[in-house]
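Survey of secondary and tertiary structure
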Amino acid sequence: MSLLLGLIIKSLILIVLLMSGFAGVMLFERKLLGWFHLRLGPNRVGPWGLLQPLADGLKLALKEDVLPDRVDSLVYHLAPVISLFTALAAFAVIPVGPSFTAFGARVTLSIASPSAGIVYLLAIFSLAVYGLTLAGWSSQSKYALLGGVRSTAQLISYELAMGVAIVGSLILAGSGNLAHIVDAQRSMWYVVYEPLGFLIYFICAVADTNRPPFDLPEADAELVAGYHTEYSGMRFAMFFMAEYINIITVSAVATLLFLGGWQGPVAPSVVWFLLKVAALVFVFVWLRATLPRLRYDRLMAFGWKVLLPVALVQLVAVAAFVAWGVVPA
Amino acid sequence: MPEAQLLAELAAALPEGVREAHPEGEAWALVDRSCLLEACRHLKAAGMNFLADLTAVDYPERTPRFEVVYHLLAIPQGWRLRLKVPVEEASAEVDSVATVWKAAPWAEREVFDLFGIRFAGHPDLKRILLPDEWEDHPLRKDFPLTGKKPAEEASRG
Amino acid sequence: MSTTTVETMVLNMGPQHPSTHGVLRVILELDGETVVDAEPVIGYLHTGIEKTAEYRTWHQAIVLVDRMDYVASVTNNLGYVLAVEKLLGLPVPPRAQYIRVMMAELQRIASHLVWLGTHALDMGAVAPFWYGFQGREQILDLLELISGARFHTSFLRVGGVARDLPEGFPEQLQAFLHDFPAWLDTYLGLLDQNPIWLERLRHIGVVSAQDAIDWGLGGPTLRGSGVNWDLRKAAPYCSYDHFDFRVPVGKTGDVYDRYRVRMEEMAQSLKIVRQAFDGLPEGPVKVEDPHYSLPPRPLLGQSMESLIHHFKLASEAFSVPAGETYTAIEGPRGELGFYLVSDGGNRPYRMRVRPPCFYNLQALPAMVRGRLVADVVACIGSIDIILGEVDR
């Protein structure tokens, strides 16, 4: 009973944290984009525009919810829920700090700490595509449909390379439990052993979250807004939230798998974790501010012909190094 | 002056078709409707490879009422030539030059749209600037500036 | 012969679409994401400018032509006043010609910057848009200083320009001449070496030199295909033969070549502005013939003739001898031609504008057939259309 209670409390805390994290990342991004683009960014609502996410949220919540004609109502309503659900659920296995003992009980800083945490993550990432595809399919709009089709193809192709890139860390740590992987990086971050794996993971992460330059499912210049063209108000906001929470999640995973997780000198572990995640989120914003968008066919070719083979080769290399004892496992 | 030479050659090639030739200033020729396509083919072969513009002018008091005007240019020589083809109102139709220059179809559609002159052999002759269900040809001089219908009615088509 | 039947999807792109530059509508026939056919539909911005001009005096029409190509109003004005001056046989003072050249070239840079920003935005790159508009801001400030308006300057007059250059102009222009090369480097730095950018642009929307001429393409779209044709060189007007500049020409005629040509053109335009500014002759800025330009204000209180001329010009305006002309200039988008017919009255009998975008847009279907939806956006961006001018 107390276990269940603990889980519920943890879940609620996590949801609140992720929601505020979403608001924070959004503001962070808009401010950064402003600076990247030689303009001010939001600065009207509250000091330095700090309350901007609140205003945005209020606006979206109060907006009229437009339901287009002839949509597949059930799926149309379900799609954003799937997106947001998978975004939130993915974070369940992500520890933000080491476990500790308080009031005689052992507290882990994640909702669950399964031994196959990584597999769970990959599974949830794969589920996320349903939100996009179904949204595109149910909207009865050609732009949305094209966006949905694109997202299916893109996510499937990039998840493969992503999965292969992740396995390197698994081999190095000899465990699929994220907390264990972090502990195993006590002496050296894995990014040093497998820089290529980190790079591939990060590229795939950008593609997986539909962020520029891989934002093809929503490609505003081509598909208006892609899969969420027909969504408005709170339902649009749910897609929006899912996208930003996904950014936090994939950055957190990268931190855990490659950047030593919460480990760092002096400052408390959670601070280190947040700093590393923030640095990766900064790269996300940087990419968006700078790069043009890839073309659909080039994106697919890049995923299958470059990323996947390179990821496989580097996986074999890591395995070989571990087997020969070049790298301590 | 190469334009004068071009005009002379054109007049020699189509003695019936070229009614007037004016080599002075901006060179131009008045070409009979029946010979237009031939004249254009001849000129293109002579180097006038660029159809700079195609338009029409309405002279309600004249007969024939309309003049379809072709502005030709030779790249890279830079010769310019103007062809004018008189067209009467009753059978307002001239041959399309779409087969001579790829630039022609849209310009011909515009003349059809705004003047009501038809182009025989045009690949897709329909209105271009105005809505398909529009009835009039506004660049004709007898079309009033403010339109023939009250504004709200006209916008409804 | 293939016997498979392919079911195609018709996608109505526009008139409300982020990358159709206003109100262009393209009906795309798609097989998956491959374009089988495309048909541009225009006319959404048709305002009857040619018709309206027939009801305005020769001078009043200047304000109308401003509104066609609304990102390059000076070049519109220039083409129009040159045509009227040709009908009148009116010589224009050299200082006015230099000021016109300076403004027209500044406007060309500003127009190309709008193209750069929107084209890059269509390709998904947001930064060049903001950076480009920052550079353009300085030009708009300059135009505002000269004419009082940032967009629709309406500053040129038949026989010259409205006023002499204002105080503070030389300093502000110098600042711009100093700053802009750095901006240009920034734009090139953002895009020129970027593999994604190159991949999106190279070998897309290829038009051969012969086809480009046949389609009647103009400006950078024509020169990108390797046709060395620039009216500023081929048929110099407005004293362009006084200036030393190069006409950039592409090789393959793809979107990338058009991009390169425009980028290089900005540098060349800057060169012309600098030369025009350095060589600015002294003297009047408009013809001193009172039949065409308003007499100076102070004279109205002193001379009866001036008052009469002023009254005549302001009420009846000048008449233009019967005749017709086709006068073309090199606008930022290609050959901008004005075919004016006068019946000897104080208003144009017919004003026909040869809009370069109109002809450029006509070639779009040929560029995009067999390519992807994303390439349609690239091609639309590369021909740099302004719908205000296409539809007039």
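Right above here is the structure, for reference.
Residues numbered from 1 in each chain as written. Chains lettered and ligands numbered in written order. Predicted model: local features only at pLDDT ≥ 70, side-chain atom pairs only at ≥ 80, totals over all residues. Heavy atoms only, no water.

Details of the interface of chain A and chain C
Taken residue by residue, the interface counts 25 residues in chain A and 36 residues in chain C. For the pair chain A and chain C, the interface holds three salt bridges. Between C:Asp375 and A:Arg295 there is a salt bridge, and its shortest N-O distance comes to 3.0 Å. Of all the elements in the fold, those that place two or more residues in the side of chain A that touches chain C are α5 (142–173), α9 (220–223), α11 (269–290) and α12 (296–324) of chain A. When grouped by side-chain class, the residues that make up the side of chain A that touches chain C number 13 nonpolar, two polar and 10 charged. (Contact = heavy atoms within 4.5 Å. Salt bridge = Lys/Arg side-chain N within 4 Å of Asp/Glu carboxyl O. Helix = DSSP H or I, 4+ residues; strand = E, 2+ residues; numbered from the N terminus. Nonpolar A, V, L, I, M, F, W, Y, C, P; charged D, E, K, R; others polar.)

Considering the sheet that holds strand β3 (residues 34–41) of chain C
Taking strand neighbours across the sheet as the criterion, the three strands line up as β1-β2-β3 (chain C) in an open arrangement whose pairing is antiparallel. Taken across any chain shown, the strands that pair with only one partner, and hence form the sheet edges, are β1 (9–13) and β3 of chain C. Ignoring which end each strand starts from, the neighbouring axes of this sheet average 20° apart. Running over the sheet, α5(A) touches β1 and β2 (25–31) of chain C and is turned about 115° from β1(C). (Pairing = 2+ DSSP bridges. Axes fitted to C-alpha atoms, helices over the stretch in contact; angles between N-to-C directions.)

A short note on the interface of chain B and chain C
In this complex, chain B contributes 48 residues to the contact, which on the side of chain C involves 39 residues. Here chain B packs against chain C, burying approximately 3,600 Å² in sum over the two surfaces, 55% of which is carbon and sulfur. It is B:Lys102, B:Trp106 and B:Leu145 that lose the most area in chain B upon contact with chain C, and together they represent 21% of the buried surface on that side. Counting every contact that joins chain B to chain C gives 11 salt bridges. As a salt-bridge pair, B:Lys84 and C:Glu324 come within 2.7 Å of each other at their nearest N and O atoms. Seen at the junction of chain B and chain C, the total is 26 residue pairs in polar contact (both at pLDDT 80 or more). Taken together, the elements giving at least two residues each to the side of chain B that touches chain C come down to β3 (50–58), β4 (66–73), β5 (80–87) and α3 (104–115) of chain B. (Buried area = accessible area lost by both parts, 1.4 Å probe. Polar contact = N/O pair within 3.5 Å; in protein donor to acceptor, adjacent residues only side chain to side chain.)

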